[in-house]
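Understanding the architecture of this molecule
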Amino acid sequence: DYNRPRTHRCLCYTPAPNDWRDMTATAPRVGARIPVYNEEHVLEQSVRALAAHLEGLPFDWRIVVADNASTDATLVVAQRVAADMGRVSVVHLNQ
């Protein structure tokens, strides 16, 4: 029911600065999927910004760029970024 008020609970753990890296062995895994279409001019900057943000968190993470049949050089840019960054992969959809 969309008219019903929603309540959200957030259980947050704020570790001391030295605790962040100690948590990585048991930390949850996070997968970020980015659907893109004709994003050649902003894709690399966006993926690198997301990766920089994720790097500071206590998660094992991966980024998957899903190219939705772009007609520009989005796929080439995505593949180049994936080759340069070990935690990034690319999926190309033909349609």
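So, a few notes on the structure that sits alongside this text. Going along each chain's sequence as written, the residues are numbered from 1 onward. Reporting in this predicted model follows two pLDDT cut-offs: at least 70 for local features of residues, and 80 or more for side-chain atom pairs to be given and counted; totals over whole chains, interfaces and linings ignore these cut-offs and use all residues. The side-chain figures draw on all heavy atoms in the structure; neither hydrogens nor water molecules are used.

**Let's talk about the overall build of the protein chain**
To qualify as a helix, a DSSP run of H or I must reach at least 4 residues; to qualify as a strand, a run of E must reach at least 2; elements of each kind are numbered from the N terminus. Counting its secondary structure elements, the protein chain contains three helices and three strands. Across the protein chain, helices and strands are ordered from the amino to the carboxyl terminus as α-β-α-β-α-β. The buried share among the 95 residues of the protein chain stands at 25%. Whether two residues are in contact is decided by their heavy atoms, any of which lying within 4.5 Å being enough. Put simply, of all contacts in the protein chain between residues at least 6 apart along the chain, 73% involve residues at least 24 apart. Here the open area of atoms and residues is found with the Shrake-Rupley method and a 1.4 Å probe, where only the protein chains shown may cover a residue. When the accessible surface of the protein chain is split by element, carbon and sulfur atoms take 53% of a total near 7,100 Å². Categorising residues by exposure relies on relative accessible area from a 1.4 Å probe, with only protein chains included: less than 20% of the type maximum marks a residue as buried, more than 50% marks it as exposed, and the intermediate range marks it as partly exposed.

**Remarks on the environment of H41**
With respect to the element layout, H41 can be found in the loop between strand 1 (29–36) and helix 2 (43–55). Judged by relative accessible area, H41 falls into the exposed class, the value being 72%. Separated by 36 residues in sequence, H41 and V77 have C-alpha atoms that sit 8.8 Å apart.

**So, the nonpolar core**
L43, V47, I63, V65, V81, M85 and V88 are the most contacted members of the largest nonpolar core, which totals 15 residues. Broken down by secondary-structure element, the contributors of at least two residues to this core are strand 1, helix 2, strand 2 (60–68) and helix 3 (74–84). When neighbours within four sequence positions are excluded, I63 is seen to be in contact with A32, I34, V47, L50, A51, L54, R87, V88 and S89. As used in this record, nonpolar core signifies buried Ala, Val, Leu, Ile, Met, Phe, Trp, Tyr and Cys residues forming a set joined through side-chain atoms within 4.5 Å.

**Looking at the environment of Q45**
For Q45, the location among the structural elements is in helix 2. Separated by 36 residues in sequence, Q45 and V81 place their C-alpha atoms 9.7 Å apart.

**Some points on helix 2**
To estimate the expected span of a helix, subtract one from its residue number and multiply by 1.5 Å. Here helix 2 contains 13 residues, and its C-alpha end-to-end distance of 18 Å stays within 8% of the 18 Å for a straight helix at 1.5 Å per residue. Restricting attention to buried positions, one finds in helix 2 the residues L43, V47, A51 and L54. For helix 2, the buried positions fall inside an angular range of 65 degrees around the axis, keeping them on one side. Pointing more than 90 degrees away from the buried face of helix 2 are the exposed residues Q45, A52 and H53. Read the arc as the range of directions from the helix axis to the C-beta atoms.

**Topic: the sheet that holds strand 1**
Taking strand neighbours across the sheet as the criterion, the three strands line up as 1-2-3 in an open arrangement whose pairing is parallel. Only two strands of the sheet have a single neighbouring strand rather than two, namely strand 1 and strand 3 (88–93). Averaged over all pairs of adjacent strands, the angle between strand axes in this sheet comes to 20 degrees, irrespective of strand direction. Note: strand 2 against strand 3, six bridges, orientation parallel. Bridging across to strand 3, V65 finds its partner in V90. Most of the contacts of helix 2 go to strand 2, to which it runs at about 160 degrees, and overall it touches strand 1, strand 2 and strand 3. Comment: axis = line fitted to C-alpha atoms, over the contacting stretch for helices; angle = value between 0 and 180 degrees taken between N-to-C directions. Packing of helix 3 onto the sheet brings it into contact with strand 1, strand 2 and strand 3, and relative to strand 3 it is tilted by some 155 degrees. Here the rule is simple: two strands pair whenever DSSP picks up at least two bridges between them.

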